[in-house]
Amino acid sequence: MKKYILSFAILFSLTTGCKDDSEFLNIKSTSILLVDEVYSDPRLVLSAVTDLYNRIPDFQEPGTGTISIYAVLDEAFSSGDYPRHQTREYDYVFPGINNPEVTYWDYSYIREINLFIERVNAATKLSAADKARFVAEGRFLRANVYFELVRRLGGVPLITESLTYDYSGNAAYLRKPRAKESEIYDYVISELEAIKSILPKTPNEKSRATYGLALAAKSRAALYAGSIAKYGVNTPTVTLPGGEVGIPVAKATGYYQTALDAAQELITSGQYSLYQKAPDLSTNFANIFLDKANNPEVIFVEDYKLQSGKVHSFALDNQPRAVTEEGERGGRLNPSLNLVQSFEKLDNTFAPLPINKGAATDYIYYDKPEDLFAGRDARLRGTVLVPGDLFKNRSIDIFAGLILGNGSTLSGDQLGQLKMVNGASVQVVGLSGPIEGYDGSAQSGFYMRKYNDPVTGSGQIGTMSEVWNVRYRYAEVLLNAAEAAFELGQTAIAAGYMKQVRDRAGLTKALTPSEITFDRIVHERKVELSFENHILWDMKRWRLAHVVWDGSNSDLTTLPGKATEPSTRVYSLWPYKIYDPGGPNHNKWVYRKVLSGRVTQSHIFRLGNYYARINDGIINNNPLILRNPNQ
């Protein structure tokens, strides 16, 4: 009987558990969505465009974890054994992305954006409003990536539709030559103009394209094109005869006018304003990058969120060692003295920090270490932590050693080290250094404040930071307007926009129109926008990079407000504490300018570095692509 029951069960299973071939192949996957399904649901389309937003390239941004990228110029010193300060020059692919030696040439990204736009246009189940917004976002992303390409490479092939290989064995029809550099800028500008009114006027939306972002990006792109047209005459060999590199000087005025018009349209819209919430101006400046709640200044960011899988290690890597939450981790990026002394005095004058009366050891004495930095532009201490500053409500203990009553120096090789002096145990080094060659100690004498998350846990590997990466903010728009107006000879208008930015920084005297000079324009962007992915691109478009980073063994300039001063080596400023019980200067503070032993090379930026090298693989695949000049 059991034999019959078993046979019946097998037969039942075979007749009810199997389907014919066509039915089997029609089983719907539970893990794969088809294109038509994605483009039928606005929630899924949003997911698709989010992926495209996440692929926007940034050279400097806190989320990459590549701290050394911030130190390839003269803004900062890498405290670890990074190659920047031992490297005289880079390959022609400078800076690349995430790696100084990689060309950014992401046509797969462009193809996916083109496909996205085409699929949204073809969708039949999306509302007209959804389709319009998604297409506009796709066009913003495409314009943005062409802007990223043109500022790295000059003119590139302009492809605005998805290309498909026909498997004929001949891919020649897919090859496109490089457009002129001006044509790419014109395309970017026209696209941003075309989509601005389609995008929503929602200033509180920071992670998606908006009306405000289109105008801010248009202003930036036109300013770049205008300055390349104007200042390109200073580097006549940095051109190609077909216009793939270089923009005719006759186009400069038109681009500057476009930049000014776009910036003014955004300014007069009233949608954004400078961030002014905290009474302490330095804290207020630092909070621009920390405050995500109704931030009126920020226009566009890459956002991060705790416990979402998208956090970053900027605070973990840059927390001062005296307050580290993670053992030996922190202090990797140290702002340079070159940058610190660029912040002017409140009366608009420039001067090196007063540390001596002429001779290096004829010191000026300060009661507190932070007193040296009093009376300076508030953005200094909103960008940089100076000796004696507070972070996470704790003092940042930075000093390199003691100077004893007989003038000798006593130091150590451990953070916070104690030594015996005349029978007393005395701390001879700060808890945050600096100690020569000690990774994480304040090698330059300073730590980062901008982007450095003060929230408890941000310095722990298991938590890290959700501080956002600010890509566009209102202060830059004001400075774009000021620069464009200056270049158009409208110095009174330029002074007005500069005043708004400088008033927020606590500068007490407005610049007059006659005081608005090219040096002032360069300086204002340097101190307002440091560590925000601007300085390299600015120096390239002004054709100043080969002048400032000229490879000479330059000393620290005494003219920090002059745009053409060489700055090829990063300098440090180390505080020392006077230990002379009973002496008039006991417990006072003095400073020494230091060129670290790790700074063994002077940075040189060659004419061939103005545009990245297009590598051989790209040219071999498409012989229509011309090499960039001087390479």
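Residues numbered from 1 in each chain as written. Predicted model: local features only at pLDDT ≥ 70, side-chain atom pairs only at ≥ 80, totals over all residues. Heavy atoms only, no water.

## Some points on the overall build of the protein
Check the secondary structure of the protein and you find 20 helices and 14 strands. For the protein, whose C-alpha radius of gyration is 28 Å, the value lies close to the compact-globule estimate of 25 Å for 631 residues. Dimensions of the protein along its principal axes, counting C-alpha atoms only, are 105 × 85 × 50 Å. Burial statistics for the protein: of 631 residues in total, 55% are counted as buried. (Helix = DSSP H or I, 4+ residues; strand = E, 2+ residues; numbered from the N terminus. Rg over C-alpha atoms; globule rule 2.2 N^0.38 Å. Buried < 20%, exposed > 50% of the residue type's maximum accessible area, 1.4 Å probe, protein only.)

## Observations regarding the confidence of the model for the protein
Summing up the model confidence of the protein, the mean pLDDT is 92 and the portion of residues at 70 or higher is 93%. Considering only residues more than four positions removed or in separate chains, one finds that residues 1–18, a stretch of pLDDT under 50, has two contacts. (pLDDT = per-residue confidence, 0-100. Contact = heavy atoms within 4.5 Å.)

## Notes on a nonpolar patch on the surface
The grouping of Tyr 165, Tyr 167 and Tyr 173 at the surface amounts to a nonpolar patch, some 370 Å² of accessible area in total. Relative to the elements of secondary structure, Tyr 165 occurs in the loop between helix H7 (128–153) and helix H8 (181–195). Accessibility expressed as a relative area gives 32% for Tyr 165, which makes it partly exposed. (Patch = residues over 30% accessible without salt bridge, like charges linked within 9 Å, V, L, I, M, F, W, Y side chains within 5 Å. Areas by Shrake-Rupley, 256 points an atom, 1.4 Å probe, with all protein chains shown as cover. Salt bridge = Lys/Arg side-chain N within 4 Å of Asp/Glu carboxyl O.)

## Thoughts on the environment of Gly 212
Among the structural elements, Gly 212 can be located in helix H9 (residues 211–231). Under the relative-accessibility criterion, Gly 212 is labelled buried at 0%. Between the alpha carbons of Gly 212 and Tyr 472 there is a distance of 9.8 Å; along the sequence they are 260 residues apart. Contact partners of Gly 212, with chain neighbours within four places excluded, come to Leu 266, Tyr 272 and Ile 299.

## A closer look at the nonpolar core
Among the nonpolar cores identified, the biggest contains 119 residues, and Phe 116, Phe 140, Leu 141, Tyr 146, Tyr 185, Val 188 and Ile 299 are the most heavily contacted of them. With 14 residues, the single largest contributor to this core is H9. With near-sequence residues (within four places) excluded, Ile 299 lies in contact with Glu 205, Lys 206, Gly 212, Leu 213, Ala 216, Leu 266, Tyr 272, Tyr 472, Arg 473, Tyr 474 and Val 477. (Core = buried A, V, L, I, M, F, W, Y, C linked by side-chain atoms within 4.5 Å.)

## As for helix H10 (residues 252–269)
Its 18 residues give H10 an end-to-end C-alpha distance of 26 Å, which sits within 8% of 26 Å, the value for a rise of 1.5 Å per residue. Along H10, the positions that sit buried rather than exposed are Ala 252, Tyr 255, Tyr 256, Ala 259, Leu 260, Ala 262, Ala 263, Leu 266 and Ile 267. The buried residues of H10 occupy an angular sector of 165 degrees when projected down its axis, which confines them to one face. Exposed and facing more than 90 degrees away from the buried side of H10 are Thr 253 and Thr 268. (Expected span 1.5 Å × (residues − 1). Arc of directions from axis to C-beta.)

## Here's the deal with the sheet that holds strand E7 (residues 401–404)
Taken together, the four strands give an open sheet; going across it, the order is E8-E7-E13-E14, and neighbouring strands pair in mixed fashion. Two strands in the sheet have a free side with no partner beyond their single neighbour: strand E8 (409–410) and strand E14 (589–594). In the sheet, E7 pairs with E8 via two bridges, with the strands oriented antiparallel. Residue Ile 403 lies in a different strand from E8, and its bridge partner there is Thr 409. (Pairing = 2+ DSSP bridges.)

## With respect to the packing of helix H16 (residues 491–504) against helix H17 (residues 518–528)
When two helices pack together, their arrangement is given by the angle between their axes and by how far apart the axes lie. Direction vectors running N to C along H16 and H17 enclose 35 degrees, while the axes themselves pass 12 Å from each other. When the axes of H16 and H17 are compared, the crossing they make is left-handed. Judged by residue contacts, Met 498, Val 501, Arg 502 and Arg 504 of H16 engage Arg 520, Ile 521, Glu 524 and Glu 528 from H17. The residue makeup of the contact of H16 with H17, split by class, is three nonpolar, no polar and five charged. (Axes fitted to C-alpha atoms, helices over the stretch in contact; angles between N-to-C directions. Left-handed = near helix turned anticlockwise from the far one by under 90°. Nonpolar A, V, L, I, M, F, W, Y, C, P; charged D, E, K, R; others polar.)

## A word on the UniProt feature "domain: RagB/SusD" (unreviewed entry) in the protein
Following the UniProt record, the feature "domain: RagB/SusD" (unreviewed entry) maps to residues 296–629 here. End C-alpha to end C-alpha, residues 296–629 measures 43 Å, and it is 21% helix and 15% strand. (UniProt positions renumbered as here; feature names shortened; annotations may be inferred.)

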